[in-house]
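Geometric and topological summary
One letter stands for each residue in the lines below.
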Protein chains: 2
Amino acid sequence: MVPFKLSKELISEIQTLIVARQDGQLQAMLEDVHYADVAEIVNGIDHIKQATYLIKLLDSDKTSDVLTELDDDLREAILKRLSVKEIADELEELDTDDAADIVAELPPERAKKVISHIEDKEHAKDIIELLRYDEDTAGGLMAKELVQVNENWNVLTCVKEMRAQAENVTRVHSIYVVDDEGRLKGRLSLKDLLTTSTKTHIKDVYISNVDYVDVNTKDEEVAKVMSKYDLEAIPVVDEMGRLVGRITIDDIVDVIKEEAEKDYQLAAGISQDVEADDSILELTRARLPWLILGLFGGLGAVFIMQDYEEFMSNPELQDLFFFTPLIAAMAGNVGVQSSAIIVQGLANDIVKGSLWNRLLKEVGLSLINGLALAVLVLAFGYIMNYDISFSLTVAVALICVIIVAALIGTFVPIVLDKRGIDPAIATGPFITTSNDIFGIFLFFYIAKLILHF
Amino acid sequence: MVPFKLSKELISEIQTLIVARQDGQLQAMLEDVHYADVAEIVNGIDHIKQATYLIKLLDSDKTSDVLTELDDDLREAILKRLSVKEIADELEELDTDDAADIVAELPPERAKKVISHIEDKEHAKDIIELLRYDEDTAGGLMAKELVQVNENWNVLTCVKEMRAQAENVTRVHSIYVVDDEGRLKGRLSLKDLLTTSTKTHIKDVYISNVDYVDVNTKDEEVAKVMSKYDLEAIPVVDEMGRLVGRITIDDIVDVIKEEAEKDYQLAAGISQDVEADDSILELTRARLPWLILGLFGGLGAVFIMQDYEEFMSNPELQDLFFFTPLIAAMAGNVGVQSSAIIVQGLANDIVKGSLWNRLLKEVGLSLINGLALAVLVLAFGYIMNYDISFSLTVAVALICVIIVAALIGTFVPIVLDKRGIDPAIATGPFITTSNDIFGIFLFFYIAKLILHF
């Protein structure tokens, strides 16, 4: 199978066929194309009417999956152009978790109408149940499709029942075993099924040691459990221990990716959920607040320096002002480094030991880094013929600034995390800005102490 | 099942048992604990001799998996204390991909001896084969364990063969179909197997439309394909199209996580692969180079400002020096934002359209952001009683600096990516430092143009 490659030519060819209403040719052309690839094509069609035409033309068997893969804005626009019956038909084809995600995007009134048009009432009931859970919990991630057997069945009944259930499940990972009340008791692996005689009783063969999560477990926690134990699916139970759904690893891959991307974006000073192809307005909304924060930091620094205006008229001291960007940059860089290491350590659960030990370690680390950088500053001063006391002042101030910046960078995320706030907001502009101000304040204060008296 | 929770008490209890040589009690205590949890315990024992004792004590059935989950440094230390025979026994229990990863960490001479002690010669052969591939390719990720059937078999032979093969495979995802030369032809899903009559011929039922990757495909590319098509396993073929292995999603989760963490660390100015609990020396090695880069940037700014020393003696112009940290910070922040959006867009393949359009969009975006920030600067100047021409100069310079910083932040990662260099190095200290210098240069240059003549 040749890997699919999206090209401008392909998209314009398809657009030409849409304009010419060559339905047969379009259907034939896209029949063997994977839905994820069709979604890429539809994303590439810069024309909502044409995109909607294509969605209506193709089998809802395929377009339902296409819809789940589309860019959010485009999906919203297309859903607006579909009738409630058409949307219901698409939902009919989807697993409950994907269907619930789409219903959640519709206006409440429309969602109600769409659900009433779903013919499979069991499916509709499942979707409504899933809508009740928060997006970022196990309940919001799970699908109702799973294969379950009763512990009191024998293997014969079990296989017969499983065949029927498997028809509705895209991928069978595990067969879950429940008791008469529907409470999760354990699991049967498909492998066991392949290698076990068909005459055995379920009660005697199932594995009782099964990992599970609660409907209210946070998605990040689910991701941690699944990746720690290398699980490909995990059952979800309700408050009474009853099996109500299962989460598969592909949904968790998205959680892990989003989590890591969110930290990165916060560190870069962008609100989450913007992408390169969003509109200028959306991008401005994501970026400007952090820039304004940075601006206030810079204006704060102006304030601080004004207190030292007298230095300007002193030929020996005025050069200090040349070093303020350096001091601010080093304070910012060190702070971001320290906080990033802590934030990642917290995310991966490897920040152990007491806060004091950690701060002590940062002091040691910054002393080493600071001394190395101070030597470079002294060398620079020597080459530039600076007065030795001036160079020493800059060097000493630099070391102090680095130590304080590292401490702030370590302390803030740990404290935020303890208070239940996402520590990642402490990397990026927040820490850079406060460290800029602290750094410059400390720099001039130390300079005054050493040089001015 | 109660979720496992690591505690200091548990670790010290286990250490006490180790010191007292209470082997039976230790074995009983850890028997039902998942290997990933045992690995957490071993990671928590801050004493290599005790950790090694525990590894030697437990069944190699479990400890082999524990070894794969340990911190790299600890594993290396423990492997040094195991005999070649003991290591070979552990490898015997592992899937070929995990075994090969461990062998790759051993000194070459020792690796050779260990392999010669593996009793299962097929297993040893497979491990040696895997060692040939680069770590970051599909060949380096894949395992040899898989279930394959010949297209010419009938279902009866097939099921018998599969049962035998399945014994060696931890999880059966798909049954791969090959021809007489071992070339990948397609797959059979386990679900099909559950729902198909046993009398059918393989040739007539297999699905020929199967995704696969080449042994030389880069790991990032494998991750993209698997997450795009929601695959839980993908077969790997060699240059002749022969089925040689398969990659499962849990290995890909690690690739995705590492990839995202790497970008984050680069943005924060840390070389990859350090963690909060690494030694001060390792952390210094990861952090100091970027700080030195930042220092040189700061010293460059000193150079630039010295050219404008004359401004110091002019009461109207000297205040410009108060604004250099602000200018540098804004240039840095804007550059990091722009580059982060591009880097993430490149990683997710959503940076489409021409470079010129993208740069044009950034100019528009920075103009809006710049104007908003300029208004704030003018307001600040008004409050502070600055001369209007002075405030205007700072505001105009700020807008220019932001536009240039955004252009650099967009241009550099795209160009790096086109040249095959990881664009993520363009976020973080690299872009901050160069934007600091550019920004300050531009600031004084524009100020001179407006104010000085």
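Quick summary incoming for the structure in this document. Keep in mind that what you see is a predicted model, and the values were worked out from it rather than measured. (Residues numbered from 1 in each chain as written. Chains lettered and ligands numbered in written order. Predicted model: local features only at pLDDT ≥ 70, side-chain atom pairs only at ≥ 80, totals over all residues. Heavy atoms only, no water.)

1. What about the interface of chain B and chain A?
At the junction of the two partners, chain B supplies 114 residues and chain A supplies 113 residues. A combined buried area of about 10900 Å² lies between chain B and chain A, and 64% of that area is made up of carbon and sulfur atoms. Counting across the interface, chain B meets chain A through six salt bridges. With a shortest N-O distance of 3.5 Å, Arg-287 of chain A and Glu-362 of chain B are connected by a salt bridge. In terms of residue count, the dominant contributor to the side of chain B that touches chain A is helix H17 (residues 280-306) of chain B (17 residues). (Contact = heavy atoms within 4.5 Å. Buried area = accessible area lost by both parts, 1.4 Å probe. Salt bridge = Lys/Arg side-chain N within 4 Å of Asp/Glu carboxyl O. Helix = DSSP H or I, 4+ residues; strand = E, 2+ residues; numbered from the N terminus.)

2. A look at the sheet that holds strand E6 (residues 243-248) of chain A
One open sheet accounts for three strands, arranged E4-E5-E6 (chain A); its pairing is mixed. Because the sheet does not close on itself, it has two edges, and the strands there are strand E4 (213-214) and E6 of chain A. (Pairing = 2+ DSSP bridges.)

3. Focus on empty space enclosed by the protein
Per the stated rule, a full pass over the model turns up ten cavities of 30 Å³ or more. In this structure, the largest cavity occupies an estimated 350 Å³ of space. For the largest cavity, the lining is made up of 25 residues, of which Asn-333, Val-336 and Thr-432 of chain A together with Asn-333 and Thr-432 of chain B are closest to its centre. Elements with a minimum of two residues in the lining of the largest cavity: helix H18 (324-347) and helix H21 (429-452) of chain A together with helix H18 (324-347) and helix H21 (429-452) of chain B. When the residues that make up the lining of the largest cavity are grouped by side-chain class, the tally is 14 nonpolar, nine polar and two charged. (1 Å grid on protein atoms, 1.4 Å probe; cavity = no way out; pocket = protein on both sides within 12 Å on 5 of 7 lines; lining within 4 Å. Points joined across faces, edges and corners; volume = space filled by probe spheres on them. Nonpolar A, V, L, I, M, F, W, Y, C, P; charged D, E, K, R; others polar.)

4. Concerning the nonpolar core
Here is a general trend for soluble globular proteins: nonpolar side chains tend to be buried in one another's company. Ile-247 and Ile-252 of chain A together with Ile-247 and Ile-252 of chain B are the most contacted members of the largest nonpolar core, which has 130 residues in total. Every residue in contact with Ile-247 of chain A, bar those within four places of it in the chain, is listed here: Ala-138, Leu-141, Met-142, Val-213, Val-222, Met-226, Glu-232, Ala-233, Ile-234, Val-236 and Ile-252 of chain A. Residues Ala-328 and Phe-443 of chain A together with Met-330 and Val-394 of chain B belong to the second largest nonpolar core, which totals 89 residues. (Core = buried A, V, L, I, M, F, W, Y, C linked by side-chain atoms within 4.5 Å. Buried < 20%, exposed > 50% of the residue type's maximum accessible area, 1.4 Å probe, protein only.)

5. Here we look at the sheet that holds strand E2 (residues 174-178) of chain B
Residues and elements named next belong to chain B. The three strands are arranged E1-E2-E3 in an open sheet whose pairing can be described as mixed. Lying at the two open borders of the sheet, with one neighbouring strand each, are strand E1 (147-150) and strand E3 (184-189). In this sheet, neighbouring strand axes are inclined to one another by 35 degrees on average, regardless of whether the strands run parallel or antiparallel. Of the strand pairs in this sheet, E2 and E3 are connected by five bridges, and their pairing is antiparallel. Directly across from Ser-174, in E3, lies its bridge partner Ser-189. (Axes fitted to C-alpha atoms, helices over the stretch in contact; angles between N-to-C directions.)

Functional significance is not addressed by these values, which are geometric in nature.
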